[in-house]
Protein chains: 2
Amino acid sequence: MLELSAGLESAHSLPIPFADEPYNHLKTFGEIMSSQSLRRLDAGQHLFHQGDSDRNIYKIESGLVRLYRVLSDGRRQIISLRFAGDILGFESAAMRDCSAEAVTSVRLRSLDQTSAYRRLRDEPALAPELVSLLSQELENARGQIAVLNRRSAIEKLSAFILELHRRQGESDSVEIPLSRSDIADFLGLTIETVSRNLTKLRTRRIIQLPQIHRLLILDLDGLEALAAGECENW
Amino acid sequence: MLELSAGLESAHSLPIPFADEPYNHLKTFGEIMSSQSLRRLDAGQHLFHQGDSDRNIYKIESGLVRLYRVLSDGRRQIISLRFAGDILGFESAAMRDCSAEAVTSVRLRSLDQTSAYRRLRDEPALAPELVSLLSQELENARGQIAVLNRRSAIEKLSAFILELHRRQGESDSVEIPLSRSDIADFLGLTIETVSRNLTKLRTRRIIQLPQIHRLLILDLDGLEALAAGECENW
DNA sequence: CGAACCATTGACCATGATCAATGATTGTGG
DNA sequence: CCACAATCATTGATCATGGTCAATGGTTCG
């Protein structure tokens, strides 16, 4: 089994049964993941690095994780942001194709793929959920491709804010747990362009920026129009 | 798919979760697909459309398929190109998140997902291959994200040519089964920029263009240097 | 042969990158 | 607790890349 931090949470986690035992009490992967012991990472710590042979599946209980690649010229491309509730790392490959790093402090659970496959063998009905998890990541990546290409900075940024808004329960007050540099590397822009366009949104009364990592949406419709590229005269 | 995949080729190998079990007698997913009946599509015909509830898995025996989305402003983004030998459409979702269209005439086989899952229930050992197939599409999409962002037109185009080169068995003569418009929509450029940069490659003696859909690589090293962004003075 | 479509080339322009300076925020040691 | 350094964010000036508009050339197919 894994060497996970033996916090008080692990006292509540289920013992790992023998492979031949039935798992009737655990019907979904989500439940199986939730029964694993909790681990804690500080901001900046890595779950795994690009090229690692790490074979774990992770479920984020709280916090934010970025998946990124470093290009040959040294620039960083953030491939995906993973929020609380997301599962990541299910892809089967000899090596990790990107690095995973905690953006904020993160609580997560992990399960090694071998155990996952063993459970799948015993409970084939889990397969559709497994496929669904990977499909969601694929859909996520494809959406990112569509956003990155041929969209203006203001469209990218508006769409990004709306995504944060959505993932934080539609509250008008949106927390931005990322630095400007993270946003830039995610959207394929520079920090200057991110900053300039945030200012633009601010002066047009679309948003307010009470704190650097906190944002207030003043005009949701306007923001959505911008994200959809419906505003020409900007 | 394009750029970083070179160092991650081995990442596509199948995991072997139960090393103690005899694996050899088990059918692979590829074999199951190959036993399905052959279908033929002309260029321009669709396998499925974005929004369809189609639930088939496809294996391309010959030809080229493009997966694309149409953005809200009407522009097309090609998400992925699928070549002979590739399997596609495994993602589980209520609706297709993109359209799949034959670029050339295509021979393919299909299998509905329900049958696939039934197959998987009988042979749970197929699961790793299934996961691997989806993982490859995910890796592909992530590579595309890395290429699209913050790379110059000449880098994108060089990487694209090298990818075609690689997928066609490293021959110096590369067939380009796509129109300039397809290349543009795939790389996130305009047809004019594609054309101009092809001309640039031609005048610098990196390639020749004997026919519109045929290309000859004269200087492979130079092309690779360009794809890696190692040339400043262009 | 002409029509339709695709590709190439040119002129011009807009968006966002780069370079540079200043402000704001955070962290550290005296 | 303050002072200083370091990091991060904002703003400005300039420039280059690639998009847009437009004209021409080439290919294919009836």
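Refer to the structure printed above.
Attention here is on the structure that accompanies the text.

**A look at the protein's contact with DNA strand C**
Then, in step 1: The local shell around DNA strand C holds 18 residues, among which Ala153 and Thr193 of chain A together with Arg180, Ser195 and Thr199 of chain B are the closest.
Then, in step 2: The protein-proximal atoms of DNA strand C, defined as those within 4 Å of the protein, are 68% sugar or phosphate.
Then, in step 3: The separation between a base oxygen of DNA strand C and a polar side-chain atom of arginine 196 of chain A is 2.9 Å.
Then, in step 4: Taking threonine 199 of chain B, its side chain carries an N or O atom lying 2.5 Å from a phosphate oxygen of DNA strand C.
Then, in step 5: With five residues, helix α6 (residues 191–203) of chain B is the largest single contributor of residues to the surface near DNA strand C.
Then, in step 6: For the surface near DNA strand C, the residue count by class is four nonpolar, eight polar and six charged.

**Some points on the relation of the copies chain A and chain B**
Then, in step 1: Superposing chain A onto chain B requires a rotation of 180 degrees together with a translation of 0.0 Å along the rotation axis, leaving an RMSD of 0.1 Å. Between the two chains, the operation in question is that of a two-fold axis.
Then, in step 2: Both copies share a contact surface, since 83% of the interface residues of chain A are interface residues in chain B too.

**Structural notes on the pairing of strand β11 (residues 214–217) of chain B**
All names here are of chain B.
Then, in step 1: With burial as the criterion, only one face of β11 is covered, namely that bearing Leu215 and Ile217; the residues Arg214 and Leu216 on the opposite face remain uncovered.
Then, in step 2: In the sheet, strand β9 (residues 173–175) pairs with β11 via three bridges, with the strands oriented antiparallel. Note that in β11 the partner of glutamate 175 across the bridge is arginine 214.
Then, in step 3: Bridge count between strand β10 (residues 207–211) and β11: three bridges; the pairing is antiparallel.

Calculation criteria
- Each chain carries its own residue numbering, running from 1 in the direction its sequence is written.
- The naming scheme follows written order: chains are lettered A onward, ligands numbered 1 onward.
- Confidence filtering applies because this is a predicted model: local features only for residues at pLDDT of at least 70, side-chain atom pairs given and counted only at 80 or more, and all residues used for totals across whole chains, interfaces and linings.
- Remark: hydrogens and water are excluded; side-chain values derive from all non-hydrogen atoms of the structure.
- One heavy atom within 4 Å of a molecule or strand is enough for the residue carrying it to be called near that molecule or strand.
- Polar contact criterion, stated in full: a pair of N or O atoms within 3.5 Å, where within protein one must be able to donate a hydrogen and the other to accept it, and residues adjacent in sequence count only if both atoms are side-chain atoms.
- Each helix is a run of DSSP H or I of at least 4 residues and each strand a run of E of at least 2, with the numbering of both proceeding from the N terminus.
- Gly counts as polar in this scheme, as do all residues outside two lists: the nonpolar Ala, Val, Leu, Ile, Met, Phe, Trp, Tyr, Cys and Pro, and the charged Asp, Glu, Lys and Arg.
- Each copy is superposed on the other by least squares, with the fit set by C-alpha atoms of residues at a pLDDT of at least 70 in both.
- For this analysis, residues touch if any pair of their heavy atoms sits within 4.5 Å.
- Three labels apply to residues, based on accessible area from a 1.4 Å probe with only protein chains included: buried if under 20% of the type maximum, exposed if over 50%, partly exposed otherwise in between.
- Two strands are said to pair when DSSP picks up at least two bridges between them.

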